[in-house]
Amino acid sequence: MKQTQAATTNTRAVISNDLTANSVATTAPLLSSAEAAEIIQASGELGPDPSSDHFTTRTKNVAYVLCINGAWFQIRAHCFTQPQQYNDFSGGYKRCYREMPQPFLASAATQKVLNTFKTTYQIPDNEPILVQVQSSHITTENSGQCLTGQGIHSAGADRAMLVCLEREGIQGAQSAIYSDLEGTRSLISPFILQKGHAMLWHDNRVFHSVQPAQVTPPHTEGDRTVLIAHYPAIHYLNGTINPNNQLTTNLVESAHRLRNNQGK
């Protein structure tokens, strides 16, 4: 596979291991407004997400990246298959998205996020990480719809990180961390992840969710853009179950499972 190398910059993690060593989830400020805007710009035009035909309209670009001796490389791959064990709605079939352009990994702000994720969770060199930048587009017509199609869920990784890059013209979209799929035991109660702030969690030990968003009058549309990182990423490439994550998913009706509707 071809690789794109990013120039090494003097970025550093701002979330210490002490903060997360004994915690399955935490939040912290990470990026300035200028850095968040830099990542959005470096991500280029986000491509369509066909799965969002069934929930709030979403656009997305993806990248598989890894670090070697302090330098970040992008692996040329743009599809992933999430096992249905973790996602009964859109798991179990291959989803392909627009690949991140070269400026994304060359961005100092992007590398700051990646270095924070790697350092916080002591991710080894040469280990792929799946990174997604996605934007939910809220209108008066879809206001109040689910933003993910999943509700409370695990993505099937060991570790995960979500950084809010933009909140424009909306209210709601509260994030939360739970110890159960039913949402009766919250570890981080629903809160608004503000622009530039990050949430990090052990994806193989807890569940996460984001609540619906609504446009804020007098706006008729708005956006919520986030960067999401998951480790490990090998199982997303080949569609296998992550042996380190034995969590399950809330079930949906058979007619709503996208894997049952392929080719229809």
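Note: the structure precedes this text.
Reference entry: report on the structure contained in this document. Note on numbering: residues in each chain are counted from 1, in written sequence order. Selection of residues for local features in this predicted model requires a pLDDT of at least 70, selection of side-chain atom pairs for listing and counting requires 80 or more, and totals for whole chains, interfaces and linings are taken over all residues. Water and hydrogen atoms play no part in the side-chain values, which are based on all heavy atoms of the structure.

Section: the state of the cysteines
We count it as follows: For this text, the term disulfide refers to a pair of cysteine sulfurs within 2.5 Å. Numbering of helices and strands starts at the N terminus; helices are DSSP runs of H or I of at least 4 residues and strands are runs of E of at least 2. Three exposure classes are used, based on accessible area relative to the maximum for each residue type with a 1.4 Å probe and protein chains only: buried under 20%, partly exposed in between, and exposed over 50%.
Taken as a whole and assessed by the stated rule, the structure comprises 1 disulfide. Covalently, cysteine 79 is tied to cysteine 96 through a disulfide, its sulfur atoms 1.9 Å apart. Judged by the torsion about the S-S bond (105°), the cysteine 79/cysteine 96 disulfide is right-handed. One end of the pair, cysteine 79, is in strand β6 (residues 79-81); the other, cysteine 96, is in strand β7 (residues 94-96), with 17 residues separating them in the sequence. The exposure class of cysteine 79 is buried, given its relative accessible area of 14%. Residue class for cysteine 96 comes out partly exposed when judged on its relative accessible area of 38%.

Considering the packing of aromatic side chains
The test is simple: Aromatic rings from Phe, Tyr and Trp, taking only the six-membered ring of Trp, are treated as a pair when their centres fall within 6.5 Å; an angle between ring planes under 30 degrees marks them as stacked, one over 60 as edge-to-face, and anything in between as tilted.
Counted by the stated rule, this structure contains 3 aromatic pairs. Look at phenylalanine 80 and tyrosine 97: their rings are 5.5 Å apart centre to centre, the planes differ by 25°, and that puts the pair in the stacked class. Of this pair, phenylalanine 80 sits in strand β6 while tyrosine 97 sits in the loop between β7 and β8 (98-99); the two residues are 17 residues apart in sequence, bridging distant segments of the chain. Each member of the pair phenylalanine 80 and tyrosine 97 is classed as buried. Between the aromatic rings of phenylalanine 117 and tyrosine 121, the centroid separation amounts to 5.9 Å while the plane-to-plane angle is 90°, which identifies the pairing as edge-to-face. For the residue pair phenylalanine 117 and tyrosine 121, the accessibility class agrees, reading buried in each case. Aromatic ring contacts, followed pair by pair, group Phe80, Tyr97 and Tyr236 into a single cluster.

Looking at the environment of serine 135
To keep it simple, the criterion reads: Residue contacts are defined here by distance: any two heavy atoms, one from each residue, within 4.5 Å place the two residues in contact.
The residue serine 135 is located in strand β9 (residues 129-139) in this model. Taking the relative accessible area as the measure of exposure, serine 135 reaches 3% and is therefore buried. Along the backbone, serine 135 and asparagine 61 are 74 residues apart, and their C-alpha atoms lie at a distance of 9.4 Å. When residues no more than four places from it in sequence are discounted, the contact partners of serine 135 are Leu46, Thr57, Arg58, Thr59, Asp223, Arg224 and Thr225.

Just geometry here; none of it tells us what the structure is for.
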